[in-house]
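Observations on chain architecture
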Amino acid sequence: MMFIDPRYELPGCRYVSRTAIPKLYGEVRERVEEQLKSTLYFATTADLWSSQTSEPYMSLTVHFIDKDWKLVSLCLQAVYFPEDHTGEATAAGLVDALTSWGLGEDHQVCVTTDSGTNVIKAAELNGWTRLQ
């Protein structure tokens, strides 16, 4: 940037990580929550995996048809999930994820998962229709 304008100072890592990213996250989350308010029925995709450094994560993506009849898919979260990857812990984590976005289980048409036994059991424990 100093070739364009030598007076410009790049923001530091602290500013980016503590101010810019949280602000952007809040703005995006508000827009997503607004979209979800008008959604009557939805489907989800859920997955658990481990990073290259063996850190466990869980993701949840929501799919719905908007008022213009367009398919919308939004990754609601990809979060660190240190709990045991048992069916019970996974079931509770998925319910917590839906709740944190204001989505009711009674409006979920189905969940798509891989063939992991823990995710299959989680869907069964929650009483969710599961597609594979």
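Residue positions are given per chain, counting from 1 as you read along its sequence in written order. Side-chain atom pairs in this predicted model are given and counted only at pLDDT of 80 or more, local residue features only at pLDDT of at least 70, and totals for whole chains, interfaces and linings cover all residues. Heavy atoms throughout the structure, all of them, feed into the side-chain values; hydrogens and water do not.

This part is about the sheet that holds strand β3 (residues 71–80). If DSSP finds at least two bridges between two strands, the strands pair. To qualify as a helix, a DSSP run of H or I must reach at least 4 residues; to qualify as a strand, a run of E must reach at least 2; elements of each kind are numbered from the N terminus. Read from one edge to the other, the open sheet built from 5 strands follows the order β3-β2-β1-β4-β5, with strand pairing classed as mixed. Both outer strands of the open sheet, β3 and β5 (130–131), are each paired with one neighbouring strand and no more. Inspection of the sheet shows strand β1 (residues 42–50) paired to strand β2 (residues 56–65) by 8 bridges, in the antiparallel sense. Within the sheet, the bridge partner assigned to Ala 46 lies in β2 and is Leu 60. Contact definition: two residues touch when any of their heavy atoms are within 4.5 Å. Helix axes are fitted to C-alpha atoms over the stretch in contact, other axes to C-alpha atoms as well, and angles between N-to-C directions run from 0 to 180 degrees. Its contacts with the sheet put helix α1 (residues 13–37) on β2 and β3, and the angle it makes with β3 is roughly 130 degrees.

This part takes up the pairing of β3. Inspection of the sheet shows β2 paired to β3 by 9 bridges, in the antiparallel sense. Along β3, the bridge assignment pairs Tyr 57 with Tyr 80. The hairpin turn running from β2 into β3, its antiparallel successor, is 5 residues long, and Trp 69 in that turn takes a positive phi close to 65 degrees.

Salt bridge, as used here: a side-chain nitrogen of Lys or Arg that lies within 4 Å of a carboxyl oxygen of Asp or Glu. Summed over all chains, the structure comprises 5 salt bridges. Salt-bridge contacts for Glu 33 lead to Arg 29; the nearest nitrogen and oxygen are separated by 2.9 Å. Placement of the pair is Glu 33 and Arg 29 together in helix α1, with a separation of 4 residues, close to one helical turn. Per-residue accessibility, obtained with a 1.4 Å probe over protein chains only, is compared with the maximum for each type, and a residue is labelled buried under 20%, exposed over 50%, and partly exposed between these values. Judged by its relative accessible area of 19%, Arg 29 is buried.

Before going further, it helps to examine the packing of aromatic side chains. Stacked, edge-to-face and tilted labels apply to pairs of Phe, Tyr and Trp rings (six-membered ring for Trp) whose centres lie within 6.5 Å, assigned for plane angles under 30 degrees, over 60, and everything in between, in that order. Per the counting criterion, the structure on display carries 2 aromatic pairs. Between Trp 49 and Tyr 57, the aromatic rings sit 5.9 Å apart at their centres with planes inclined by 25 degrees, giving stacked as the arrangement. By relative accessible area, Trp 49 is classed as partly exposed at 33%. Looking at Tyr 57, the relative accessible area reads 23%, which means it is partly exposed. Judged by centre distance (6.0 Å) and plane angle (70 degrees), the ring pair of Tyr 57 and Tyr 80 falls under edge-to-face. Highlighted residues: Tyr 57 in strand β2 and Tyr 80 in strand β3, separated in sequence by 23 residues. Residue classification places Tyr 80 among the partly exposed positions, given a relative accessible area of 48%. A positively charged side chain is recorded as over a ring if its NZ (Lys) or CZ (Arg) lies within 6 Å of the ring centre. The angle to the ring normal must also be within 35 degrees. In this structure, Arg 29 is placed above the aromatic ring of Trp 101, and the distance from its NZ or CZ to the ring centre is 3.7 Å.

What follows covers a nonpolar patch on the surface. A cluster of nonpolar side chains, contributed by Tyr 15, Val 16 and Ile 21, occupies part of the molecular surface with about 270 Å² of accessible area. On the basis of relative accessible area, Tyr 15 is assigned to the partly exposed category, the value being 43%. Two joining distances apply to patches: 9 Å for like charges and 5 Å for nonpolar side chains (Val, Leu, Ile, Met, Phe, Trp, Tyr), and every residue must have over 30% relative accessible area and no salt bridge. The protein chains shown are the only cover counted for residues, whose accessible areas, like all others here, come from Shrake-Rupley with a 1.4 Å probe.

The next point concerns the confidence of the model for the chain. pLDDT runs from 0 to 100 and stands for how confident the predictor is about each residue. On average, residues of the chain score 93 in pLDDT, and 98% of them reach the 70 mark or higher. When mean pLDDT is compared element by element in the chain, strand β4 (residues 108–112) scores highest at 97, while β5 scores lowest at 94.

Secondary-structure assignment places Cys 13 in helix α1. The class for Cys 13 is exposed, based on a relative accessible area of 70%. Along the primary structure Cys 13 and Asp 66 are separated by 53 residues, whereas in three dimensions their C-alpha atoms are 38 Å apart.

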